[in-house]
Amino acid sequence: MAVIVQKYGGTSVADLEKIRAIARRVSRTREDGNDMVVVLSAMAGETDRLVQLANSASGGEPDRREYDVLVSSGEQISVSLLAIMLNKMGHRAVSLLGYQVRILTDEAHSNAKILDVETGLISGELKRGGIVVVAGFQGVDGKGNITTLGRGGSDTTAVAIAACLKADFCEIFTDVDGVYTTDPNLYDKARKLKRISYDEMLSLAGAGAKVLQHRSVELAKTYGVPVYVRSSFSEDSGTLVTKEDEEMERGVISGVAYDRDQAKVTVVHVPDKPGIAGRLFTPLSDHNIVVDMIIQNASSEGYTDLTFTVSRKDIGEARRLLDPVAKDMGASRIEYDENISKVSIVGVGMKSQSGVASKMFETLANEGINILMISTSEIKISCVIGAKYTELAVMALHDAFGLEQEP
Ligand code: ADP
Ligand code: ASP
Ligand code: MG
């Protein structure tokens, strides 16, 4: 008998008919003799609706604690509906919210990190033959406040529970049947991967491929949880995310990702003195605003420009924090640009290959796309470009690196 954690995303629980189909799939897996924990997202569009409500109610920057109380509520609806259906089908099923399981997180509202998952209640239910249905995305901090794990956080709930229960594997059911060489909804030439290493999946997720939340892959890698990405609407075996092994594809590049949720901030003509970067970035990190790419221009006559990117949702708060600091430091102005996106190529194979970056830059140039920022790591190269070129860039890079064909 295996212990299996299954997670179903928003489109998979979009209406009662879809939840009923999931109840049937869960029921079959349970009747095969497996212990089952099911993690659900909110019904499709519900979290977006709640986020909009919070923004409208507050005029833009809702109180972070209350924001989490509100946006976590979508998952309460979907888990209870599935449990009602499973009970009706004759199973013993119980829904649990994040604070009931006790998914303990830090206090970073709207982007909280899981510190621990108490397994007592879940294990007890499994021993009694129950199916446990857990609300994804939710946690509770040490003071008992409700927290949420960032958009897409139900993936992380599922993998964290799988890790703590030492489950045999974790299945992430979604609206595509696996991890592809790029977003199959953007480019129909995207090719499905049978297996992908934790490291490559981490890079893809970090570069914006939202099929798995970045933190869920971090946890899967740390605790060695095998993760299958599968379709809720078919029996296809999907993509296995696992340790790098001999059977994996050996192309130079394994995927192209894009991230439209980016904004660029440029602090113009600031005195080039020790401590400026610290003064700019400390208030951002104190407010849990993640800074991604950073470029500092070469100094000219004692002045420099500093450019970096943050998530688009954080731009209002960043502006409020940075405008006074920049003024105080003697910068001539700050520019904010939300019309950008980031495209990245990812692959373990690029470690041992030269010319990959130049091929990326040439490909973008041939399409007339101007590169605004560049960053590189061992297995990823990212370029910030104008938002309107996103699709064109992804397709051109996918073609240039021959991703349609198996290597
Ligand atoms: P869920 O609601 O099930 O969590 P998400 O919308 O968060 O689903 O993630 C699934 C989506 O991820 C797909 O519909 C697809 O558009 C997108 N996606 C982006 N990059 C990839 C990729 N490389 N492979 C598969 N899907 C991808
Ligand atoms: N419902 C949350 C969201 O839409 C969490 C998730 O779906 O993973 O971001
Ligand atoms: Mg998701």
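Scroll up to find the structure.
What counts and what doesn't
- Sequence order as written defines residue numbering, which begins from 1 separately in each chain.
- Think of it this way: whatever chain is written first is A, whatever ligand is written first is 1, and the rest follow in order.
- Whole-chain, interface and lining totals are the exception, using all residues; otherwise, since this is a predicted model, local features are given only for residues with pLDDT of at least 70 and side-chain atom pairs are given and counted only at 80 or more.
- Note: side-chain values were computed over all heavy atoms of the structure, leaving out hydrogens and water.
- The axes are straight lines fitted to the C-alpha atoms, using for helices just the contacting stretch, and the angles between their N-to-C directions are given from 0 to 180°.
- Here a helix means four or more residues in a row that DSSP labels H or I, a strand means two or more in a row labelled E, and each is numbered from the N terminus.
- Should an angle fall under 35 degrees it is called roughly parallel, over 145 degrees roughly antiparallel, and 65 to 115 degrees roughly perpendicular, with every other angle called oblique.
- Take the far helix as the reference: if the near one is turned anticlockwise from it by less than a right angle, the crossing is left-handed, and if turned clockwise, right-handed.
- Throughout, a residue-residue contact means that at least one pair of heavy atoms, one from each residue, lies within 4.5 Å.
- Gly is placed with the polar residues, together with every amino acid not listed as nonpolar (Ala, Val, Leu, Ile, Met, Phe, Trp, Tyr, Cys and Pro) or charged (Asp, Glu, Lys and Arg).
- Strands were regarded as paired on the criterion that DSSP finds at least two bridges between them.
- For cavity detection a 1 Å grid was placed over the protein atoms alone, and a set of points counts as a cavity when a 1.4 Å probe fits there but cannot get out; an open set counts as a pocket when protein lies on both sides within 12 Å along at least five of seven lines, with lining residues being those that have an atom within 4 Å of a point.
- Grid points are joined across faces, edges and corners, and a volume is the space filled by probe spheres set on the points.
- Among buried residues, those of type Ala, Val, Leu, Ile, Met, Phe, Trp, Tyr and Cys that are joined through side-chain atoms within 4.5 Å constitute a nonpolar core.
- Residue burial is assigned from relative accessible area. The probe radius is 1.4 Å, only protein chains are included, and a residue is buried under 20% of its type maximum, exposed over 50%, and partly exposed in between.
- The working definition used for a salt bridge is a side-chain nitrogen of Lys or Arg within 4 Å of a carboxyl oxygen of Asp or Glu.
- Between N or O atoms, a polar contact is any pair within 3.5 Å; within protein, one atom must be a potential hydrogen donor and the other a potential acceptor, and residues adjacent in sequence are included only when both atoms are from side chains.
- To be near a molecule or strand, a residue needs just one of its heavy atoms within 4 Å of it.
- Accessible areas in this description were obtained via Shrake-Rupley with a 1.4 Å probe; residue shielding takes into account the shown protein chains only.

K.L.:
Explain the packing of helix H2 (residues 46-58) against helix H4 (residues 73-88) here, please?
P.N.:
Geometry of a packed helix pair, given as the angle between the helix axes and the separation of the axes. The contact between H2 and H4 brings their axes to 9 Å, and the two run at 150°. Between H2 and H4, the interaxial angle falls into the category roughly antiparallel. In this structure, H2 meets H4 at a crossing whose hand is right-handed. Listed contacts from H4 to Glu46, Thr47 and Leu50 of H2 are Ser73, Gly74, Glu75 and Ile77. Its residues assigned to classes, the contact of H2 with H4 shows two nonpolar, three polar and two charged.

K.L.:
Help me understand the sheet that holds strand S3 (residues 93-96) in this model?
P.N.:
Consider a sheet: its strands pair through backbone hydrogen bonds, and that pairing is either parallel or antiparallel. Spatially, the eight strands line up as an open sheet ordered S3-S6-S2-S1-S9-S11-S12-S10, and their pairing is mixed. Unpaired on one side and paired on the other, S3 and strand S10 (195-197) mark the two borders of the sheet. For this sheet the average axis-to-axis angle between neighbouring strands, irrespective of direction, equals 20°. In this sheet, strand S12 (residues 239-242) lies alongside S10 in parallel orientation, the contact comprising three bridges. Note that in S12 the partner of serine 197 across the bridge is threonine 242. Against the sheet, H4 contacts strand S2 (35-40), S3 and strand S6 (131-135), and its axis sits at roughly 165° relative to S6. The strands touched by helix H8 (residues 198-206) are S10 and S12; relative to S10, the strand with the most contacts, the crossing angle is about 80°.

K.L.:
Please clarify how empty space enclosed by the protein should be interpreted in this entry.
P.N.:
Any empty space left between atoms is shown by rolling a water-sized probe over those atoms. With the rule as written, the count across this model stands at one cavity of 30 Å³ or more. Estimates place the volume of the largest cavity at around 100 Å³. Along the walls of the largest cavity sit Leu193, Arg195, Ile196, Glu200, Met248, Glu249, Arg250, Gly251, Ile253 and Ser254, which together make up its complete lining. Residues belonging to the lining of the largest cavity are distributed by class as follows: four nonpolar, two polar and four charged.

K.L.:
Can you walk me through the nonpolar core in this structure?
P.N.:
Side chains that are nonpolar tend, in soluble globular proteins, to be buried together. Core analysis: the biggest nonpolar cluster contains 43 residues, and Val5, Ile122, Val134, Ile161, Cys170 and Met201 have the highest contact counts within it. Excluding its chain neighbours within four sequence positions, the residues that come into contact with valine 134 are Val37, Val38, Val39, Leu40, Val79, Leu96, Val101, Ile103, Ile122, Thr157 and Ile161. Of all hydrophobic cores here, the second largest spans 22 residues; its members include Ile276, Val310, Leu322 and Ile334.

K.L.:
Can you help me understand the pattern of salt bridges in this one?
P.N.:
Where side chains of opposite charge bring their charged atoms close, a pairing between them can arise. Enumeration according to the criterion identifies 24 salt bridges in this entry. Residue aspartate 35 pairs with arginine 30 through a salt bridge whose shortest N-O separation is 3.8 Å. Of the residues examined, arginine 30 reaches a relative accessible area of 17% and is grouped as buried. Notably, a salt bridge pairs arginine 102 with glutamate 118, separated by 3.0 Å at the nearest N-O pair. Remark: glutamate 118 occurs in the loop between strand S5 (114-117) and helix H6 (120-127) and arginine 102 occurs in the loop between helix H5 (98-101) and strand S4 (103-105); sequence separation between them is 16 residues. The class of glutamate 118 is partly exposed, set by a relative accessible area of 36%. When salt bridges that share partners are traced, they join Arg25, Arg28 and Glu235 into one network.

K.L.:
Help me understand the environment of glutamate 61 in this model?
P.N.:
Here glutamate 61 is to be found in the loop between H2 and helix H3 (64-71). Spatially, the C-alpha atom of glutamate 61 lies 9.6 Å from that of aspartate 314, the residues being 253 residues apart in sequence. The contacts of glutamate 61, once residues within four sequence positions are left out, are Gly316, Glu317 and Arg320. At a separation of 3.3 Å, a polar atom in the side chain of glutamate 61 contacts the side chain of arginine 320.

K.L.:
Looking at this structure, I do not really get the sheet that holds strand S13 (residues 255-271). What am I missing?
P.N.:
Strand order in this open sheet of six strands is S14-S15-S13-S16-S18-S17, and the pairing throughout is antiparallel. Two strands lie at the open edges of the sheet, namely strand S14 (291-296) and strand S17 (373-377), each paired on one side alone. Between one strand axis and the next, the sheet turns by 25° as a mean value, whatever way the strands run. Looking at chain direction, S14 and strand S15 (residues 303-311) are connected through four bridges and run antiparallel. Of the residues in S15, the one forming a bridge with isoleucine 295 is threonine 307. Strands in contact with helix H10 (residues 276-286) are S13, S14 and S15; relative to S15, the strand with the most contacts, it is inclined by about 20°. Against the sheet, helix H11 (residues 315-329) makes contact with S13, S15 and strand S16 (333-346), and its axis sits at roughly 125° relative to S16, the strand it touches most.

K.L.:
Would you mind going over the site of ligand 2 with me for this structure?
P.N.:
Every residue near ligand 2 is listed here: Ser41, Ala42, Thr47, Glu75, Phe137, Arg151, Gly152, Gly153 and Ser154. Serine 41 is positioned with one of its side-chain polar atoms (N or O) 2.9 Å from an oxygen atom of ligand 2. About the coverage of ligand 2: the protein hides 87% of its 260 Å² of free accessible area. In terms of residue class, the shell around ligand 2 is built from two nonpolar, five polar and two charged.

K.L.:
Mind showing me how you'd approach the site of ligand 1 here?
P.N.:
The local shell around ligand 1 holds 16 residues, among which Thr174, Asp175, Tyr180, Asp183 and Asn185 are the closest. At a separation of 3.0 Å, an oxygen atom of ligand 1 approaches a polar side-chain atom of lysine 7. One of the backbone N or O atoms of lysine 210 is found 3.4 Å from an oxygen atom in ligand 1. Expressed as a share of its isolated accessible area of 580 Å², the protein-covered part of ligand 1 is 88%.

K.L.:
What should I look at first to understand the pairing of strand S1 (residues 3-8) in this one?
P.N.:
Two faces make up the sheet, and in a regular strand the side chains alternate between them. Burial within S1 is extensive, with six of its six residues counted as buried. Alternating residues of S1 divide into Val3, Val5 and Lys7 and Ile4, Gln6 and Tyr8, and every residue in both groups is buried. Note: S1 against S2, six bridges, orientation parallel. From the neighbouring strand, lysine 7 faces S2, where its bridge partner is valine 39. When S1 meets strand S9 (residues 169-174), the two strands line up parallel, connected through five bridges. Bridge pairing in S9 places valine 5 opposite cysteine 170.

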